[in-house]
Amino acid sequence: MTPTFRLHKVLTMKEKEKEKALSEYEEAVRRFEQAAEALYNLLKEKEKCEAERDEQLQTGLSIGAIRHMLQYIGNLQRAIDHYQLIVMQAREQMQRRQQRLTELNIEVKKYEKMRERVQQWIEQREKEVESRFLDELAVQRFARQGE
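As the structure is a computational prediction, the values presented were derived from the model and not from experiment. (Residues numbered from 1 in each chain as written. Predicted model: local features only at pLDDT ≥ 70, side-chain atom pairs only at ≥ 80, totals over all residues. Heavy atoms only, no water.)

Novice: Would you mind showing me how to read the overall build of the protein here?
Specialist: Scanning the protein from N- to C-terminus turns up 2 helices and 0 strands. Here the protein has a C-alpha radius of gyration of 34 Å; the compact-globule value for 147 residues is 15 Å, and the former is much larger. Across its three principal axes, the protein shows a C-alpha extent of roughly 125 × 25 × 15 Å. Buried residues in the protein amount to 17% of all 147 residues. Contacts in the protein between residues at least 24 apart in sequence constitute 86% of all its contacts with a sequence separation of at least 6. About 11700 Å² of surface is accessible on the protein, with carbon and sulfur atoms providing 53% of the total. Averaging the coordinates of the 28 positive side-chain charges in the protein and doing the same for the 27 negative ones gives two points 4 Å apart. (Helix = DSSP H or I, 4+ residues; strand = E, 2+ residues; numbered from the N terminus. Rg over C-alpha atoms; globule rule 2.2 N^0.38 Å. Buried < 20%, exposed > 50% of the residue type's maximum accessible area, 1.4 Å probe, protein only. Contact = heavy atoms within 4.5 Å. Areas by Shrake-Rupley, 256 points an atom, 1.4 Å probe, with all protein chains shown as cover. Lys, Arg positive; Asp, Glu negative; His and termini not counted. Charge placed at Lys NZ, Arg CZ, Asp CG, Glu CD.)

As structure tokens, then:
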């Protein structure tokens, strides 16, 4: 009977934690990308509106249209500010999840290394036992030949 790795259950649990952390990290990345894309679209829209406003100011525009355009750009700026906050929070969460994933990955590697060392130790012991057995057989043969 060969000894088993005593910490197998712990290793399995750590691997499950790592898989869960990986899925949480991937979800955080997805949320960050969505927020960043929304922010990018708002910034692009604001830039387009400002260019359009500047062009219309050159050609002449009514005060009501100017007021409407400024109000729209102001609303865009508030949305941009809001999404900048969301993007920062999503980035922070993504970085925390990445750090947690890295820590769990290190822990799993430690347990895998311990399992590998135990396996090497078992193999070494088996070789030693086999070597002693073969030595004993050789001694017995030599003793029989001497009789």
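Right, picking up where we left off after that structure.
Novice: It is not clear to me how helix α1 (residues 8–59) should be interpreted in this structure. Could you clarify?
Specialist: Each turn of an α-helix holds 3.6 residues, which means side chains three or four residues apart point in the same direction. Look at α1: 76 Å from first C-alpha to last across 52 residues, which is about the 76 Å you get at 1.5 Å a residue. Those residues of α1 lying buried are Leu 11, Lys 14, Ala 21, Ala 28, Val 29, Phe 32, Ala 35, Leu 39, Leu 42, Lys 46 and Cys 49. (Expected span 1.5 Å × (residues − 1).)

Novice: Hey, could you run me through the pattern of salt bridges in this one?
Specialist: When their charged atoms lie close together, side chains carrying opposite charge are able to pair. Considering all chains together, one arrives at 10 salt bridges under this definition. Ionic pairing is found between Arg 100 and Glu 17, a salt bridge with its closest N-O pair at 3.4 Å. Here the residue Arg 100 occupies a position in helix α2 (residues 63–146), and Glu 17 occupies one in helix α1, the gap between them amounting to 83 residues. Judged by its relative accessible area of 38%, Arg 100 falls in the partly exposed class. When salt bridges that share partners are traced, they join Glu 27, Arg 30 and Arg 31 into one network. (Salt bridge = Lys/Arg side-chain N within 4 Å of Asp/Glu carboxyl O.)

Novice: What is the right way to look at the nonpolar core in this model?
Specialist: Core analysis: the largest hydrophobic core is formed by 14 residues, its most contacted members being Phe 32, Val 87 and Met 94. The contacts of Met 94, once residues within four sequence positions are left out, are Tyr 25, Ala 28, Val 29 and Phe 32. (Core = buried A, V, L, I, M, F, W, Y, C linked by side-chain atoms within 4.5 Å.)

Novice: Got a minute to help me understand the environment of Met 13 in this structure?
Specialist: Relative to the helices and strands, Met 13 is located in helix α1. Owing to a relative accessible area of 43%, Met 13 belongs among the partly exposed residues under this scheme.

Novice: Teacher, can you tell me more about the side chain of Lys 46 here?
Specialist: Of note, Lys 46 is situated in helix α1. Those residues in contact with Lys 46, other than ones at most four positions away along the chain, are Ile 73, Leu 76, Gln 77 and Ile 80.

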